[in-house]
Structure formats: C-alpha cells, structure tokens
Amino acid sequence: MSDDRAADLIKRCAAQDRAAFRALYRGSVAKLMGVILRILKDRAAAEDALQEAYIRIWQRAGSYDPAKGPGMAWLVAIARNLAIDRLRARAETLNDPGPVATGDEAARTQAPIPAPQEVCRIGDCLATLEPDGAAAVRHAYLDGLSYLDLAAQHGVPLNIMRNRLRHDLLKLRECLDQ
C-alpha cells in the first residue's frame, strides 16, 4: 500500500468510514503483523496486539497529520509502540520478585547489576558518537522512543533517522567489541 493511499484511508477512517477501515486493514495487516511479531516473538501475543493496534488506529485516526509523516509510518509507529509497551509489561511481570526473598533465594531473584567498568565503558563508547547520535541512541534504548518520535525530535525525515541510528549503533558496537 502506498503512503498516499494509507494517508487517504486514515483520513476517511477519521470520518468513521468502515469501508476505508477494511481497505486500510487489508493493505497494512501483513506489515503491521510483521512489525509486532518481530518485537513480541510470540504469534498469539502478536495477534492480540495487532487487534488492539487496529482499535487504536480507528480511535486515533482523527489525530493523524499527513504533514508529520507518511500514513504507513503512522500505522507502523502505533503498532510498534504498542508491541514495545506489551514487551515492557511482560518484562516487568517477569522481573517482579514478588515476596521478599532471603539468603540464597534472594541472590537468585535479583537482576544482575552491571560492573562499574562496564557502565564506564558504555559511557566512553557513547562519547565517541556525535552528540545528536548519542542522544538518539539514549532516547531510543533508555526512553523507548520510536524512530518517528526521534525523527520529529531531531527535525529530520524518518529514513534519515533510521540510517543515522543504525550507523551510530554500528559504531557503538565496534567500540564495545574492542
């Protein structure tokens, strides 16, 4: 589905056009399922998240602004952010130790704390990046911002942000591998 077609269908969905929503679903379901499945890695959870993503798309279609980006990117951002939220919720559930444990049991349930030298090394490697690149990496991985959010924050097109972040992550990996 072209971005122009997606943008048009989103606008029509904002006007409660059910036929447009069906067409939008048919044209984007494979891509959105792929995005969600890559993040959640569980088909049943992905199918559930996909359904919720389309509910959000229907409910929020009126907030779509074509001046801020292509229609398909808006759809992908909703699906991606929802999947990330679900992944975080799942991780929080798994990391919740429940009742306070004592002795050896407490040692097994606590999350490992990175060694101070590892934290310093990551900081040193981030410092080798351009300031905007380091900020983008931090926002993406510590704050959970999407490519679309980062692109808007840095005032660059979505594809440029993707390429910059990919390049910065490769540089970060090279530094950490040394």
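Everything quoted here is computed from the prediction, not taken from an experiment.

Reading guide: rules and limits
Residues numbered from 1 in each chain as written. Predicted model: local features only at pLDDT ≥ 70, side-chain atom pairs only at ≥ 80, totals over all residues. Heavy atoms only, no water. Helix = DSSP H or I, 4+ residues; strand = E, 2+ residues; numbered from the N terminus. Contact = heavy atoms within 4.5 Å. Axes fitted to C-alpha atoms, helices over the stretch in contact; angles between N-to-C directions. Parallel < 35°, antiparallel > 145°, perpendicular 65-115°, else oblique. Left-handed = near helix turned anticlockwise from the far one by under 90°. Nonpolar A, V, L, I, M, F, W, Y, C, P; charged D, E, K, R; others polar. Phe/Tyr/Trp six-rings, centres within 6.5 Å; stacked < 30°, edge-to-face > 60°. Buried < 20%, exposed > 50% of the residue type's maximum accessible area, 1.4 Å probe, protein only.

Caption draft 1: Seen up close, the side chain of Ser28. You can see Ser28 is positioned in helix α2 (residues 18-40). Beyond its immediate chain neighbours, meaning those up to four positions away, Ser28 contacts Met1, Tyr54, Met72 and Leu75.

Caption draft 2: How the structure looks around the packing of α2 against helix α3 (residues 43-60). Orientation of α2 relative to α3, taken along the N-to-C sense of each, is 140°, at an axis distance of 9 Å. It follows that α2 is oblique to α3 by the angle criterion. Where α2 crosses over α3, the two elements pack in a sense that is right-handed. Residues Arg18, Phe21, Leu24, Tyr25, Ser28, Val29, Leu32, Met33, Ile36, Leu37 and Leu40 of α2 form the contact with α3, whose participating residues are Arg43, Ala45, Ala46, Glu47, Ala49, Leu50, Ala53, Tyr54, Ile57 and Trp58. For the contact of α2 with α3, a count of residues per class yields 17 nonpolar, one polar and three charged.

Caption draft 3: Broad picture of unusual backbone geometry. In the Ramachandran plot, Gln16 falls in the positive-phi region, its phi being about 65° despite a non-glycine side chain. Considering the arrangement of structural elements, one finds Gln16 in the loop between α1 (3-14) and α2. Of note, the phi angle at Lys41 is positive, near 55°, even though the residue is not glycine. Mapped onto the elements, Lys41 comes out in the loop between α2 and α3.

Caption draft 4: Fine view of the packing of aromatic side chains. Evaluation of the coordinates by the stated rule reveals four aromatic pairs. An angle of 75° between the planes, with centres 5.2 Å apart, marks the rings of Phe21 and Trp58 as edge-to-face. Within this pair, whereas Phe21 is found in helix α2, its partner Trp58 is found in helix α3, the two being separated by 37 residues in sequence. Accessibility assignment for this pair places Phe21 and Trp58 in one class, buried. Counting every residue linked through ring pairs, the aromatic cluster contains Phe21, Tyr25, Tyr54 and Trp58.

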